[in-house]
Amino acid sequence: MKTRIEAHRGLHTEARENTVEAFAAAVTAGVDGVELDVRWSGDRHLVIHHDAEVEGAIVAATAAADLPGYVPTLAQALDALTGVCVNIEIKNIRDVSEPTYDETGQLARDVIDLLAARGWRDDCVISSFDLATCEQVHALAPDLEVGWLIWSQSFAEALEGATRAGLDAVNVNFRHLPDGGIAAAHSRGLKVNVWTVNDPATMTRLFEAGVDTVITDDPVAALALRG
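Conventions and cut-offs
- Residues numbered from 1 in each chain as written.
- Predicted model: local features only at pLDDT ≥ 70, side-chain atom pairs only at ≥ 80, totals over all residues.
- Heavy atoms only, no water.
- Helix = DSSP H or I, 4+ residues; strand = E, 2+ residues; numbered from the N terminus.
- Rg over C-alpha atoms; globule rule 2.2 N^0.38 Å.
- Buried < 20%, exposed > 50% of the residue type's maximum accessible area, 1.4 Å probe, protein only.
- Contact = heavy atoms within 4.5 Å.
- Lys, Arg positive; Asp, Glu negative; His and termini not counted.
- Charge placed at Lys NZ, Arg CZ, Asp CG, Glu CD.
- Core = buried A, V, L, I, M, F, W, Y, C linked by side-chain atoms within 4.5 Å.
- Pairing = 2+ DSSP bridges.
- Axes fitted to C-alpha atoms, helices over the stretch in contact; angles between N-to-C directions.
- Parallel < 35°, antiparallel > 145°, perpendicular 65-115°, else oblique.
- Left-handed = near helix turned anticlockwise from the far one by under 90°.
- Nonpolar A, V, L, I, M, F, W, Y, C, P; charged D, E, K, R; others polar.
- Right-handed = clockwise from strand over helix to strand, strands pointing away.
- Expected span 1.5 Å × (residues − 1).
- Salt bridge = Lys/Arg side-chain N within 4 Å of Asp/Glu carboxyl O.

Enquirer: Where do I start with the overall build of the protein chain in this structure?
Expert: For the protein chain, the helix and strand inventory stands at eight helices and 11 strands. In summary, the protein chain has a C-alpha radius of gyration of 17 Å against a globular reference of 17 Å for 227 residues, a match within 12%. Projecting the C-alpha coordinates of the protein chain onto the three principal axes gives extents of approximately 45 × 40 × 35 Å. The proportion of buried residues among the 227 residues of the protein chain is 52%. Sequence-distant contacts, at least 24 apart, represent 53% of the contacts inside the protein chain between residues at least 6 apart. The positive charge centre, built from 17 side chains, and the negative charge centre, built from 35, are 3 Å apart in the protein chain.

Enquirer: Where do I start with the environment of Ala209 in this structure?
Expert: Assignment of secondary structure puts Ala209 in helix α7 (residues 200-209). Sequence spacing of Ala209 and Arg94 is 115 residues, and the spatial spacing of their C-alpha atoms is 34 Å.

Enquirer: I'm lost on the nonpolar core in this one. Help?
Expert: If you look at soluble globular proteins, the nonpolar side chains tend to sit buried side by side. Grouped together as the largest cluster of nonpolar side chains are 60 residues, with contacts concentrated most on Val192 and Val194. When sequence neighbours within four positions are dropped, the list of residues in contact with Val192 reads Phe155, Val170, Val172, Leu177, Gly181, Ile182, Ala185, His186, Val211, Asp212 and Thr213. Core analysis: the second largest hydrophobic core is formed by five residues, Val47, Val54, Leu67 and Val71 among them.

Enquirer: Would you mind going over the pairing of strand β1 (residues 4-8) with me for this structure?
Expert: A regular strand places its side chains so that they alternate between the two faces of the sheet. The buried count for β1 comes to five of five residues, which makes it a mostly enclosed element. Alternating positions in β1 separate into two faces, Arg4, Glu6 and His8 on one and Ile5 and Ala7 on the other, with burial throughout. In terms of strand pairing, β1 meets strand β11 (residues 213-216) through four bridges, oriented parallel. The residue bridging Arg4 from the neighbouring strand is Thr213, located in β11.

Enquirer: Quick question: what am I supposed to make of the packing of helix α3 (residues 106-118) against helix α4 (residues 131-140) here?
Expert: Geometry of a packed helix pair, given as the angle between the helix axes and the separation of the axes. Viewed as axis vectors pointing N to C, α3 and α4 meet at an angle of 45°, and their least axial separation amounts to 9 Å. Of the possible angle classes, the one that applies to α3 and α4 is oblique. Where α3 crosses over α4, the handedness of that crossing is right-handed. Here Ala108, Arg109 and Ile112 of α3 come into contact with α4, specifically with Gln136, Val137 and Leu140. Grouping the amino acids of the contact of α3 with α4 by side-chain chemistry returns four nonpolar, one polar and one charged.

Enquirer: Help me understand helix α5 (residues 155-165), please; the structure alone is not making it clear to me.
Expert: In an α-helix there are 3.6 residues to a turn, and that puts residues three or four apart on one side. By the burial criterion, the buried members of α5 are Phe155, Ala158, Leu159, Gly161, Ala162 and Ala165. Phi turns positive, to about 75°, at Gly166, one or two residues after α5.

Enquirer: Hey, could you run me through the pairing of strand β10 (residues 191-195) in this one?
Expert: Summarising burial for β10: four of the five residues are buried, a large majority. Pairing of strand β9 (residues 169-173) with β10, which is carried by five bridges, proceeds in the parallel orientation. Across the sheet, the residue bridging to Asn173 is Trp195, located in β10. In this fold, the crossover linking β9 to β10 by way of helix α6 (residues 181-187) has right-handed handedness.

Enquirer: How should the side chain of Asn18 be read in this particular structure?
Expert: Its place among the elements puts Asn18 in the loop between β1 and α1 (20-29). Those residues in contact with Asn18 that sit more than four places away from it in its chain are Arg9, Phe23, Glu35, Leu36, Asp37, Ile48, His49, His50, Tyr70 and Pro72.

Enquirer: Would you mind going over α3 with me for this structure?
Expert: For α3, with 13 residues, the first-to-last C-alpha span of 18 Å sits near the 18 Å given by 1.5 Å per residue. For α3, the elements touching its buried residues are β2 (33-40), β3 (46-48), α2 (74-80), β6 (85-90), β7 (124-128) and α4. Downstream of α3 by one or two residues, Gly119 has phi in the positive range, about 70°.

Enquirer: Looking at this structure, how should I read the pattern of salt bridges?
Expert: Pairing between side chains becomes possible if they bear opposite charge and their charged atoms approach one another. Under the defined criterion, the tally for this structure stands at 12 salt bridges. The closest approach of N and O atoms between Asp79 and Arg118, which form a salt bridge, is 2.6 Å. Placement of Asp79 in helix α2 and of Arg118 in helix α3 is noted, with a sequence separation of 39 residues between them. Note that Lys91 and Glu89 form a salt bridge whose closest N and O atoms lie 3.1 Å from each other. The same class applies to Lys91 and to Glu89, which are both buried. By sharing partners, the salt bridges in this structure join Arg4, Glu6, Glu145 and Lys191 into a single network.

Structure below.
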């Protein structure tokens, strides 16, 4: 199976990242998928924005209608992404960079419910840096592909944690992928999705090694290199 190529926050060389315009441009470019970031607005709409703040406003404390017009809802993003896989990173983690954390699983449930209502359950993957959120998604929708985004954990710890949780993939920064890591993950039935790969030589090496997904800021170059 060939490596899936995902545009990191859309084709943001053509438009502002995580916007409908960037998503539409990525689809036009022929990507396999698009990675985006979802979080709650203050009135608990699912909106797309990477950072906890936008133009000085805390997203989680601001009504969706009061956010800048370029911040789309998840529903609007899905409307722009017909025909490609959507990698939805749920922004929910205990960290000083995040003003809120949902312990209840309701954020995960809201994402799953919207996907079901829109008929997107077969055309997306869910990821999060928060293992508990990944576990919540898996418990609520075991048919969905779920990948644990890792940063501080070792790759070996990530494989153990993802296996115990019954997840489908580990999503790792390409610099933290050890030699033999892809084979080790595949032996456990786990996919390896790497981010954010922009160097052509690194892309080629990962394609040849059989990585499952490359998330990149330059999906046009990645498509050309993959052939």
